[in-house]
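# Remarks on the overall topology
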Amino acid sequence: GDQLGQTTTDANGEYTVEDVEAGTYDITASADGYEDSTVNSVEIVATEDTAGTDFSLTEVTTGSIAGNVELSGDDIPSDETLTVTVTDDGGDVFSQEVALDDTTTTGDTVGFTVSDIAAGDYTVSASVTSGASSDAYEVTSGTEEVTVNAGAETTLKKKLSWTTRPPWLAGW
């Protein structure tokens, strides 16, 4: 619905919203770095103060990494799985797999999002992890260091290059 009022709490966390017409409202509290909290169906009675609508905000401790992998090099084979891997300093791995199909060609970009990861520093890479070409092609993306901030999305763009391997290296 429409926002009908807004206020800021005092040093004790107390607040007042003035000139609200009688009715039933959903009231939301928000603060940077915290998840919003909503109390639904608060009834406001004309000429009466409404008290006791309290909130508890939870600190946001996760963020996400999103972006596009640009495919370049030799013809991009179909029926492959592209995996974007995100590794933290402790060696924990988070990833997203994206299927490539027969419409995927050189110059295309493939979108990805790795969500709900703790704020911190990560290394991001992209690779082909299944399909015939995982052996027949050399796939290089390099790595990129990124910092994830709580409650935010870190955006980056990876370039993935494909190079045909000689048949004797591809297991042909």
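Preceding this paragraph is the structure being described.
To start, this report covers the structure provided alongside it. (Residues numbered from 1 in each chain as written. Predicted model: local features only at pLDDT ≥ 70, side-chain atom pairs only at ≥ 80, totals over all residues. Heavy atoms only, no water.)

## Describing the packing of aromatic side chains
To keep it simple, the criterion reads: Pairing of aromatic rings covers Phe, Tyr and Trp, the last counted by its six-membered ring, and requires centre-to-centre distances within 6.5 Å; plane angles under 30 degrees mean stacked, over 60 mean edge-to-face, and any other angle means tilted. Here a strand is any run of E in DSSP of at least two residues, a helix any run of H or I of at least four, and the numbering for each starts at the N terminus. Between buried and exposed lies partly exposed: a residue is buried under 20% and exposed over 50% of the maximum accessible area for its type, with that area taken using a 1.4 Å probe on protein chains only.
Using the criterion set out here, one finds two aromatic pairs in the structure. Between the aromatic rings of Tyr-15 and Phe-55, the centroid separation amounts to 6.1 Å while the plane-to-plane angle is 50 degrees, which identifies the pairing as tilted. On the criterion of sequence distance, the pair formed by Tyr-15 in the segment before strand 1 (23-29) and Phe-55 in the loop between strand 2 (37-44) and strand 3 (62-73) is long-range, its members being 40 residues apart. Of the residues examined, Tyr-15 reaches a relative accessible area of 32% and is grouped as partly exposed. Taking relative accessible area as the criterion, Phe-55 reaches 24% and is therefore assigned partly exposed. Note on Phe-94 and Tyr-122: the rings are 6.2 Å apart at their centroids and 70 degrees apart in plane angle, and the pair reads as edge-to-face.

## Description of the nonpolar core
The tendency in soluble globular proteins is for nonpolar side chains to be buried side by side. As a reminder of what qualifies: Among the buried residues, those of types Ala, Val, Leu, Ile, Met, Phe, Trp, Tyr and Cys that are joined through side-chain atoms within 4.5 Å form a nonpolar core. In this description, contact between two residues means that some pair of their heavy atoms is separated by no more than 4.5 Å.
Ranked by internal contacts, the top residues of the largest apolar core, which has 18 residues, are Ile-65, Val-69, Val-86, Phe-112, Ile-117, Tyr-122 and Val-124. At the level of elements, strand 3, strand 4 (80-88), strand 5 (93-100), strand 6 (109-118), strand 7 (120-130) and strand 9 (144-148) are the ones that each hand at least two residues to this core. If you tally residues by element for this core, the top one is strand 6, at four residues. Not counting residues within four places of it along the chain, the set of residues in contact with Tyr-122 comprises Ile-65, Val-86, Thr-87, Asp-88, Phe-94, Ile-117, Glu-144, Glu-145, Val-146 and Val-148.

## Quick notes on the environment of Val-17
One can find Val-17 in the segment before strand 1. Judged by relative accessible area, Val-17 falls into the partly exposed class, the value being 38%. Spatially, the C-alpha atom of Val-17 lies 6.1 Å from that of Thr-7, the residues being ten residues apart in sequence. Setting aside its immediate chain neighbours within four residues, Val-17 contacts Gly-5 and Thr-7.

## Some points on the side chain of Thr-85
The topology assignment puts Thr-85 in strand 4. Dropping the residues within four chain positions of it, Thr-85 is found in contact with Val-93, Phe-94, Ser-95, Thr-123, Val-124 and Ser-125.

## Some remarks on unusual backbone geometry
Residues other than glycine seldom take positive phi values, yet Asp-19 does so here, at roughly 60 degrees. When you line up the elements, Asp-19 lands in the segment before strand 1. Positive phi, normally seen in glycine, also occurs at Asp-116, with a value near 55 degrees. Inspection of the secondary structure assignment puts Asp-116 in strand 6.

## So, the side chain of Thr-53
Locating Thr-53 in the fold gives a position in the loop between strand 2 and strand 3. Those residues in contact with Thr-53 that lie beyond four places of it in its chain are Tyr-15, Ile-27, Val-39 and Val-42.

## Examining a nonpolar patch on the surface
What counts, and what does not: Here, patches come from residues exposed beyond 30% relative accessible area and free of salt bridges, joined within 9 Å for like charges and within 5 Å for nonpolar side chains (Val, Leu, Ile, Met, Phe, Trp, Tyr). Note that accessible areas follow from Shrake-Rupley with a 1.4 Å probe, and for residues the cover is restricted to the protein chains shown. Definition used for salt bridges: Asp or Glu carboxyl oxygen within 4 Å of a side-chain nitrogen of Lys or Arg.
Side chains of Tyr-15, Val-17 and Val-20 sit close together on the surface and give an oily, nonpolar patch of about 210 Å² of accessible area. Mapping Val-20 onto the fold places it in the segment before strand 1.

## Side note on the layout of surface pockets
The probe, sized like a water molecule, is rolled over the atoms to show the empty space still left. Heads up, the rule is: Residues are said to line a cavity or pocket when one of their atoms sits within 4 Å of a point; the points come from a 1 Å grid over protein atoms alone, cavities being sets where a 1.4 Å probe fits but cannot get out and pockets being open sets with protein on both sides within 12 Å along at least five of seven lines. Grid points are joined across faces, edges and corners, and a volume is the space filled by probe spheres set on the points. Residue polarity follows a fixed list, in which Ala, Val, Leu, Ile, Met, Phe, Trp, Tyr, Cys and Pro are nonpolar, Asp, Glu, Lys and Arg are charged, and the others, Gly among them, are polar.
Space inside the largest pocket adds up to approximately 1300 Å³. If you trace the largest pocket, you find 34 residues lining it, with Thr-7, Tyr-15, Val-17, Ile-27 and Thr-28 closest to the centre. With five residues, strand 1 is the single largest residue contributor to the lining of the largest pocket. A class-by-class count of the residues in the lining of the largest pocket yields twelve nonpolar, 15 polar and seven charged.

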